[in-house]
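Structural description and commentary
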Amino acid sequence: MIRVAVVGVGGMGACHARHIHDLAGAEVCWVADPDEQAGRALACDVGACWTSDGFAAIADCDAVVIASPDRFHAGYLDAALAAELAVLCEKPLTADLADAQRIVAHEVSVGRRLVQVGFMRVYDERHIQVSEALTSLGPVNHVRCVHRNTRAEARTVRRILVESIIHDIHTVRWLAQAEIVEVMTTAVQRAGQTRFVLLACRLGNDGVATIEFDDAAAGYEVSVEVSAEHGNVLASEPNRALVRHAGSVSALIGDDWFAPFLETYRLEMRAWLNSVTSSNATGPTVWDGYAAQAVVEAAVASEQSGHPEAVHLDDQPSLYSGVAR
Ligand code: ISE
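Now for a look at the structure at hand. On a predicted model such as this, the values are computed, not experimentally measured, just so you know.

**Some remarks on the overall build of the chain**
Along its length, the chain carries 9 helices and 15 strands. Principal axes of the C-alpha set define a box for the chain whose edges measure 55 × 50 × 45 Å. Looking at the chain as a whole, 50% of its 325 residues are labelled buried. Looking at the chain alone, contacts between residues at least 24 apart form 69% of all its contacts between residues at least 6 apart. For the chain, the computed accessible surface area is about 14100 Å², with 51% contributed by carbon and sulfur atoms. Charge centroids of the chain, computed over 25 positive and 42 negative side chains, lie 4 Å from each other.

What follows is the structure, given as structure tokens:
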């Protein structure tokens, strides 16, 4: 039985803890969060103990899920890597690029992959179908990601990039199997709020990508379309029932970003637990987390300069080859 500590009991921590509890072969031993009420409630639901101290939980487990606020990821990652524990770390890998670089160096110094990063689109059935179709369609010329959120809260362009668009950045790198080498960012502001962010990217395989992100949409939707040398693949939104009523035709779009991906999160957890059992980390790597963060930095710089900005990446250590699915 793998004893897993879950650090952070917000939406993602609770989702992961419940999936571990429901899956065979693992148990949640600790949930760690300074919020005692939320921590104890989740611990009670999944048969675990609660602690306010994430480091204490990491010191007493076989594997760790890091789902704390982004700014604490780096410290918990260091502690888990020092103890050579398997980790599932929510995206973003870290809150800033320097920490991401350091975590790559830390894992390389351990000499084997221990961390899987929570870019969970790679476990989503629609996205997997696109990836599989692309294997026989030749080089990717264009990836188009469309990501719509219904958030009412105002966010800066940086926050939108780090919290939401980072998923699409990984999707582009994964499906094109190429790094993003240059990015141009354009944002639409209304009444002091960022409503829309458009990223136009150049890829290391001479292709291009566009990421369209709406932070004030009518409903939550994620889709992707890829044009390759020998064909085009579209993962549109799931079909929804069309209702004809009172002189109109309508389909319901939810506003919740959890519900459409709940099964994906379960599959992500299953894959991670299997990799822990076989001591063989799989899925998105800390390199993927670092590379995505480097694109975020270039995208922020581009929004400020008004020009395309190059993405600066260190040489890829041999521990990681290419872009992981
Ligand atoms: C949220 O943090 C997520 O992880 C969702 O997958 C994403 O679609 C949403 O935009 C984010 O805010």
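The discussion continues.
**Re the sheet that holds strand β9 (residues 193-203)**
Read across the sheet, 7 strands follow the order β12-β11-β7-β10-β9-β8-β15 without closing on themselves; strand pairing throughout is mixed. The open sheet terminates on both sides in strands that have one partner only, identified here as β12 (231-235) and β15 (309-310). Relative to strand β11 (residues 221-228), strand β7 (residues 140-148) runs antiparallel, the two being bridged by 8 bridges. Of the residues in β11, the one forming a bridge with C145 is V224. Each of β7, β11 and β12 is contacted by helix α6 (residues 125-134), which is oriented at about 5 degrees to β11, the strand it contacts most.

**Describing the environment of E297**
Considering the arrangement of structural elements, one finds E297 in helix α9 (residues 286-305). Sequence-wise, E297 and L97 are 200 residues apart; in three dimensions their C-alpha atoms are separated by 7.6 Å. E297 has contacts with L97 and R158, leaving out every residue within four places of it along the chain.

**A few points about the environment of S302**
Looking at the element boundaries, S302 is found in helix α9. The class of S302 is buried, set by a relative accessible area of 0%. Between the C-alpha atoms of S302 and L199, which are 103 residues apart in sequence, the distance is 9.6 Å. The contact partners of S302, leaving out residues within four places of it in the chain, are V183, M184, T185, H307, P308 and E309. For S302, the side chain forms a polar contact with the main-chain oxygen of H307, separated by 2.8 Å.

Rules and cut-offs
- Residues numbered from 1 in each chain as written.
- Predicted model: local features only at pLDDT ≥ 70, side-chain atom pairs only at ≥ 80, totals over all residues.
- Heavy atoms only, no water.
- Helix = DSSP H or I, 4+ residues; strand = E, 2+ residues; numbered from the N terminus.
- Buried < 20%, exposed > 50% of the residue type's maximum accessible area, 1.4 Å probe, protein only.
- Contact = heavy atoms within 4.5 Å.
- Areas by Shrake-Rupley, 256 points an atom, 1.4 Å probe, with all protein chains shown as cover.
- Lys, Arg positive; Asp, Glu negative; His and termini not counted.
- Charge placed at Lys NZ, Arg CZ, Asp CG, Glu CD.
- Pairing = 2+ DSSP bridges.
- Axes fitted to C-alpha atoms, helices over the stretch in contact; angles between N-to-C directions.
- Polar contact = N/O pair within 3.5 Å; in protein donor to acceptor, adjacent residues only side chain to side chain.

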